[in-house]
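Given next are the chains, with one letter for each unit.
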Amino acid sequence: MSSQIYSVRTEHLIGLALLMGAALMLSIAAAQLACPFNVSGGSGARFTVDGVLLSRYASTMRGAALSNGVLPIGGDVSAIETTIRDNASRLDLDGDRLFTANDALIAARYLAGYDSSRWLLGITLSAQATRRTGDDIRAYIAQGCPLPSASAQDDAARFLTQATFGPTIATIDTMVNTAQTPAQWMDAQLALPLHDPSHWKYVVIDKGPRGNSRFINSVMESFWLQAVRGSDQLRQRTVFALSQLFVVSTVNGAVDIQQDAHASYLDMLSRNAFGNFRTLLEEVTLHPTMAVYLSWRQNEKEVPGGRQPDENYAREVMQLFSIGLWQLNIDGTRRLDPVTGQAIPTYGQNDIKGMARVLTGWNWGQVVGESGYDPDNFGSPPVRWDLLLQPYSAHHSTSEKRLLNGVVIAPQSVSNPRESMKVALDTLFNHPNVGPFIGSQLIKRFVMSNPSPEYVTRVAKAFNANDSDVRGDMKAVLRAVLLDPDARSNSIAAGATAGKLREPIVRYANFMRAFDVKSQAPIIYTLWNLEDPASSLGQNPLRSPSVFNWYRPDYAPPGAILAQALVAPEFQITHETTVTGYSNFITDVAERQTESFRTIMAEYGLIDEYLAADVSAELALAGDPDALIDRLNLLLLHGRITPLLRATVKLAINNIEMTSYRGRDKRVATATALIMASPQFVVQK
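Residues numbered from 1 in each chain as written. Predicted model: local features only at pLDDT ≥ 70, side-chain atom pairs only at ≥ 80, totals over all residues. Heavy atoms only, no water.

> Would you explain the domain arrangement of the chain in this entry?
Segmentation of the chain into domains returns domain 1 (10-142), domain 2 (195-275), domain 3 (312-322 + 347-429), domain 4 (434-488) and domain 5 (500-684). Between the C-alpha centres of domain 3 and domain 5 there is a distance of 45 Å. (Domains from an automatic or database assignment.)

Structural data, given as structure tokens:
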């Protein structure tokens, strides 16, 4: 799968080298620019410079390896890499939707003055290529190498794929028919109230739609209810993204079976998703679920020569939740020590110790007037998952607390835990790392795994100051992430290294929203055990294996991705077992989650919780394979189906007789499963 997503082929490099040598000996005149071949920025595209650069780039060379012997020392290699990357879809000369060594060789031959009849000599075109003769390619160049066209529906579907748990025909049509721009859509979403019922109401008060869902899996029911059916889709996707940054889990922790804890925590993320990051950071810190999960609730002040405060959360709030391990430039790249040339750490052990002392003297929140209220009962106050922790001053450290950037809380100067907490969180919030660190991770959750430094810079600047010069405005950050030119550019999206791997939870949510998957009334999503990698998704909400999430944001799988210094975080849970498990799961789901199958299952007993998709519109198109594929192409691929995938799906459909038992169902299920198992779907562009 990964080779089809990110890598480029290296065929014909020897032939290209021979061609370059011949050109040098013959001193062929420079060709004039007709397409974006002039990647070096000279007066015109030249075979001996631009042809070499294109071929090297296609063979994964970057940096000095790309420019060595071609550009003068000090030449702007990064600008050339950006130019090629941004024009990758126009440099796709054979039309297979990838810029590969084939395209570089064709371009080099064009620049060397070869006749179009010789451009494809020795080249084996992929089955996905749509321009299969020299005349086809010459006509494409003559047109100026136009970008692949995208309809208004395709653009709407692509935006909704990034910003929601998946587009529906209704949400696509609303954007298109009302000429709603992505910015206008976001304004409307940002103005929506919190979801009703809240997770707390669903889990703790109502105990599910039948009043009997009072157990840890009820939080899963509530998660899927909001993710699939919530009209506040931007908030839902943001909450999911935040839950992967500020991780708590029902496995490997002290909150494994506390449904109240997780319902309350999700609601906290919901109410802060569009607020200010400073408030979000404080409520994450003081939420009892996080405090129990990372073991700092009831943290006692130190005893000289004896007991010391727990340092677990003190470390993670810096490493994972705010500033990261290394000092960053505003574009997300690491700052380097001018003397040693090494990356500079953001914090050290003394900073951890200082933060741990800040995190002393906090325990369960209490409400004045409630039964059992005792502001001095630090030992065993009533358990309240729905309240933030409260301070108990007698148990707070009054020792010196050394924090980041030379900030020091002097001994005895602050005896109130709230004051210490304010100083510490203000220090973290105002650290220059927060904008690029949090911004780049949100880009990776919504849009792409490898954002350009310019993209990260723009998002970080939005974090640093919104239009009213307010720092940490999450609305401004989300607008910057989803409305950035790099996010909205179809040209950039067509590049071989663009996009991100859709994680399994999002893939399944896409399916459920596209086909309105739900149970009969009352609607209940009994989706509890999805983490089996061999037979299910290999991922489940709120069940990441550790505070480091299901995968690291900087993970790069061995091979072409790592070789190009790229990352692909979701590949950490993508391997032979999970790929097979997901394919089997989605094939089974596409076949069984239909109304007709529910009718069949009804013969065997009560199935009022059986989840079924509404595929009536697709069934009506089962006799017209092209129309069926077009609809699925819009819903699942935002119009970017490849010729090979279309041909594969069409062949499979045509091999299923309409007159066979459940023939229409099988056609729709087969087409859906093939598309959802394809690299074009699994990779969000």
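> Can you help me understand the pattern of salt bridges in this one?
Note that side chains of opposite charge can pair when their charged atoms are close. This model, assessed by the stated rule, comprises 29 salt bridges. Two residues, D426 and K422, come together in a salt bridge whose shortest N-O distance is 2.7 Å. Here D426 and its partner K422 are both found in helix α19 (residues 417-429), four residues apart, which amounts to about one turn of the helix. Here K518 and D516 are joined by a salt bridge, their closest N and O atoms 3.0 Å apart. (Salt bridge = Lys/Arg side-chain N within 4 Å of Asp/Glu carboxyl O. Helix = DSSP H or I, 4+ residues; strand = E, 2+ residues; numbered from the N terminus.)

> Whenever I open this one, the side chain of H199 confuses me. Can you help?
Turning to its location among the elements, H199 is positioned in helix α11 (residues 199-205). With sequence-adjacent residues up to four places away left out, H199 is seen in contact with V204, S222, F223, Q226, A263, L266 and D267. (Contact = heavy atoms within 4.5 Å.)

> I would appreciate a short explanation of the state of the cysteines in the present structure.
As enumerated under the stated definition, the model contains one disulfide in all. Paired through a disulfide, C35 and C145 show a sulfur-sulfur distance of 1.6 Å. Note on the C35 and C145 pair: the S-S dihedral is about 95°, so by sign convention the disulfide is right-handed. Residue C35 is found in the loop between α2 (13-26) and α3 (47-58), and its partner C145 is found in the loop between α7 (134-142) and α8 (152-163); the two are separated by 110 residues along the sequence. Look at C35 and you get buried, because its relative accessible area is 3%. For C145, a relative accessible area of 0% translates into the label buried. (Disulfide = S-S within 2.5 Å. Buried < 20%, exposed > 50% of the residue type's maximum accessible area, 1.4 Å probe, protein only.)

> Got a minute to help me understand the packing of helix α20 (residues 434-446) against helix α22 (residues 474-483) in this structure?
A pair of packed helices is characterised by two quantities: the angle between their axes and the separation of those axes. Packing of α20 against α22 brings their axes to within 10 Å, and their N-to-C directions diverge by 55°. On the basis of the axis angle, α20 is oblique to α22. The hand of the α20/α22 crossing is right-handed. Taking contact as the criterion, the partners of L442, I443 and F446 in α20 are, on α22, M474, V477, L478, V481 and L482. Each residue belonging to the contact of α20 with α22 can be placed in one class, and the counts come to eight nonpolar, no polar and no charged. (Axes fitted to C-alpha atoms, helices over the stretch in contact; angles between N-to-C directions. Parallel < 35°, antiparallel > 145°, perpendicular 65-115°, else oblique. Left-handed = near helix turned anticlockwise from the far one by under 90°. Nonpolar A, V, L, I, M, F, W, Y, C, P; charged D, E, K, R; others polar.)

> How do you make sense of helix α32 (residues 663-676) when you look at a structure like this?
Side chains of residues three or four places apart in an α-helix project in the same direction, reflecting 3.6 residues per turn. End to end, α32 covers 20 Å across 14 residues, agreeing with the expected 20 Å (1.5 Å per residue, within 8%). Within α32, burial applies to G663, D665, R667, V668, A669, A671, T672, A673, I675 and M676. (Expected span 1.5 Å × (residues − 1).)

> Can you walk me through the side chain of E618 in this structure?
You can see E618 is positioned in helix α29 (residues 616-619). When near neighbours in sequence (up to four residues on either side) are disregarded, E618 contacts F515, L628, R631, L632, L635 and V668.

> Which parts of the structure should I look at to understand unusual backbone geometry?
The bulk of non-glycine residues show a negative phi, and the bulk of peptide bonds are trans. Looking along the chain, the bond that leaves D196 and enters P197 is cis, with omega of 5°. Topologically, P197 is positioned in the loop between α10 (182-190) and α11. At the junction of A521 and P522, the peptide bond is cis and its omega measures out at -5° in the coordinates. Turning to its location among the elements, P522 is positioned in the loop between α25 (504-514) and α26 (560-563). For L542, which is not a glycine, the phi torsion comes out positive at approximately 65°. Assignment of secondary structure puts L542 in the loop between α25 and α26.

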